[in-house]
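# Residue-level structural notes
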Amino acid sequence: MDRSKINTLASKSGTNYYTKHLDGYSHLVVMLYAVLSNLRSLRETCLGFAANATRMNHLGIDHMICRSTLSDANKRRKSSFFGSIYRMLYKRYAPVLSDSLTKREVSTKLYVMDSTTISLFSQILRGVGRNPNNGKKKGGIKAHTIIEESIDLPVFVDYTEGIVHDHEVMERLFALPYGSFITFDMGYTDYQLWKRLDEAGYKFVCRLKDNAKFKIIEQRKCPEKDIIADQIIEFTYDKYVERPMTDEELKHHRGRRPNSGVITVKERVQGTYRCRRIVRRTDDGKDTIQFVTNVLDPEEMSAEQLCETYRRRWSIESLVSSHFRPVGVPTGFIFRVYYKFSINLC
């Protein structure tokens, strides 16, 4: 990690203002030490540095770390600073993290989107789901993540209250490179947004809900053994979406403006969307799985290839779960610092 670039990021974000000793780089080193050593408290972290006082100069730190100083830094310094460091390292090392890709995989990158909910001990943020019958519902924070499947590292991480629905963060998909292939689960079902993704040039595949209502337009032959159905279907959507008021509408608007200065209005959106439905037997042959995709041409991707593409989505499940076990795996350890530090802020 280039210390000069980290100091430049700290200066741009203003994280070193009113800082005497623990600047942005030193704070990063301390947090890396805490994560790699699997430390759970500020006291353990400071005692660990005290035990290695003669070696601190090798890390670029010339003073002892006090618990109060570290506590103030965790409170005041924004997690976006650590996020910018992660993005800098990702941009620098992502092209060389994997060297066994085929030409097709390089030309069409696969991105995986998912979220995970972390329960908090106190009701700091609103949790997800109904209140339990016994006791009080815990607060929660939800981590929304998009990873590039070929290198198994996140390209986007955002944190919201646990009550925020997954599909509310799907606008982030439009920042991915044009023509990207995206996979996500049933929590991101939004027919109107799927249509926007299709029109913007993105390809996707996801699971179809069992209670989904649609009309079959075309039935195709299924040459693959495990494929039961390959169909063209049509969804109908009718929903209300919020949009900013136009200048003409603002002229006739009465009342006080919100602090953000943006006034939104709900608008009814209706329409239809055609896509491809694939029904496949499970590996044990006892059940079936339904997939939906906007890749309509079977010559572009066969039904079995689309099912296998969705199977590759499992890489994000193993990545997210790795952040809750003792840290010893080098892959994504900077992301763990960004991840844990943001949770500590809450």
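Scroll up for the structure.
A brief look at the structure comes next. (Residues numbered from 1 in each chain as written. Predicted model: local features only at pLDDT ≥ 70, side-chain atom pairs only at ≥ 80, totals over all residues. Heavy atoms only, no water.)

## Quick notes on the environment of Ile 65
Structurally, Ile 65 can be placed in the loop between α3 (42-51) and α4 (67-76). Among the residues examined, Ile 65 registers a relative accessible area of 8% and is labelled buried. Each C-alpha atom, one on Ile 65 and one on Gly 48, is 9.8 Å from the other, the two residues being 17 residues apart in sequence. (Helix = DSSP H or I, 4+ residues; strand = E, 2+ residues; numbered from the N terminus. Buried < 20%, exposed > 50% of the residue type's maximum accessible area, 1.4 Å probe, protein only.)

## A closer look at the sheet that holds strand β5 (residues 203-207)
Pairing is mixed across the open sheet formed by nine strands, whose spatial order is β3-β2-β1-β4-β5-β9-β8-β7-β6. The open sheet has two free edges, formed respectively by β3 (153-161) and β6 (215-220), since each of these has just one partner strand. Direction aside, neighbouring strands of the sheet carry axes that sit 25° apart on average. As paired elements, strand β1 (residues 110-119) and strand β2 (residues 140-148) share nine bridges and run antiparallel to each other. (Pairing = 2+ DSSP bridges. Axes fitted to C-alpha atoms, helices over the stretch in contact; angles between N-to-C directions.)

## Examining helix α7 (residues 191-199)
Taken together, the buried positions of α7 are Tyr 191, Gln 192, Leu 193, Trp 194 and Leu 197. At the exit of α7 stands Gly 201, carrying a positive phi of roughly 95°.

## What about the side chain of Asp 185?
Following the sequence through the fold, Asp 185 ends up in the loop between β4 (181-184) and α7. A relative accessible area of 18% means that Asp 185 is categorised as buried. Ignoring any residue separated from it by four or fewer positions in sequence, one finds Asp 185 in contact with Asp 114, Cys 206, Tyr 310 and Arg 313. (Contact = heavy atoms within 4.5 Å.)

## So, the packing of helix α2 (residues 24-36) against helix α5 (residues 79-93)
Put simply, α2 and α5 touch, their axes get as near as 11 Å, and they point 80° apart. Judged on the interaxial angle alone, α5 and α2 are roughly perpendicular. Contacts between α2 and α5 pair Gly 24, His 27, Leu 28 and Met 31 from the former with Phe 81, Phe 82 and Ile 85 from the latter. Here the residues of the contact of α2 with α5 sort into five nonpolar, two polar and no charged. (Parallel < 35°, antiparallel > 145°, perpendicular 65-115°, else oblique. Nonpolar A, V, L, I, M, F, W, Y, C, P; charged D, E, K, R; others polar.)

## Some thoughts on the side chain of Arg 277
Looking at the secondary structure, you find Arg 277 in strand β8 (residues 264-281). There is no salt bridge for the buried Arg 277, and the closest opposite charge comes from Asp 210, which lies 8.1 Å off by N-O distance. With residues up to four places along the chain from it excluded, the contact list for Arg 277 reads Leu 208, Phe 214, Ala 229, Asp 230, Gln 231, Ile 233, Gln 290 and Phe 291. (Lys, Arg positive; Asp, Glu negative; His and termini not counted. Salt bridge = Lys/Arg side-chain N within 4 Å of Asp/Glu carboxyl O.)

## Re the nonpolar core
Judged by nonpolar contacts, the single largest core of 27 residues is most densely connected at Met 170, Leu 173, Phe 184, Trp 194 and Phe 235. Broken down by secondary-structure element, the contributors of at least two residues to this core are β1, β4, α7, β5, β7 (227-244) and β8. It is α7 that contributes the most residues to this core, four residues altogether. Excluding residues within four positions of it along the chain, Trp 194 makes contact with Met 170, Phe 184, Tyr 188, Thr 189, Phe 204, Cys 206, Phe 235, Tyr 273 and Val 292. Among the nonpolar cores identified, the runner-up in size contains 20 residues, and Leu 22, Leu 28, Phe 81 and Phe 82 belong to it. (Core = buried A, V, L, I, M, F, W, Y, C linked by side-chain atoms within 4.5 Å.)

## A word on the pattern of salt bridges
For the structure shown, the criterion picks out 18 salt bridges. As a salt-bridge pair, Glu 149 and Arg 312 come within 2.7 Å of each other at their nearest N and O atoms. Of the two residues, Glu 149 is situated in the loop between β2 and β3 and Arg 312 in the loop between α9 (303-311) and α10 (314-321); the sequence distance between them amounts to 163 residues. Across the pair Arg 311 and Glu 308 runs a salt bridge whose closest N-O atoms are separated by 3.2 Å. Here Glu 308 and Arg 311 lie together in helix α9, a separation of three residues that amounts to about one turn. Classification of Glu 308 as partly exposed rests on a relative accessible area of 38%. Salt bridges sharing partners connect three or more residues here, namely Asp 226, Arg 280, Asp 283, Glu 304, Glu 308 and Arg 311.

## Some words on the packing of aromatic side chains
All chains considered together, the criterion is met by 13 aromatic pairs. Ring geometry for Phe 174 and Tyr 202: centres 6.2 Å apart, planes at 85°, overall edge-to-face. In this pair, Phe 174 sits in the loop between β3 and β4 while Tyr 202 sits in the loop between α7 and β5, placing the two residues 28 residues apart along the sequence. With a relative accessible area of 6%, Tyr 202 lands in the buried category. For the pair Tyr 191 and Phe 235, a centre-to-centre distance of 4.1 Å together with 10° between the ring planes defines the contact as stacked. Of this pair, Tyr 191 sits in helix α7 while Phe 235 sits in strand β7, and the two are 44 residues apart along the sequence. Judged on exposure class, the residue Tyr 191 and its partner Phe 235 are both buried. Clustering of aromatic rings is evident, with ring pairs tying together Phe 184, Tyr 188, Tyr 191, Trp 194, Phe 204, Phe 214 and Phe 235. (Phe/Tyr/Trp six-rings, centres within 6.5 Å; stacked < 30°, edge-to-face > 60°.)

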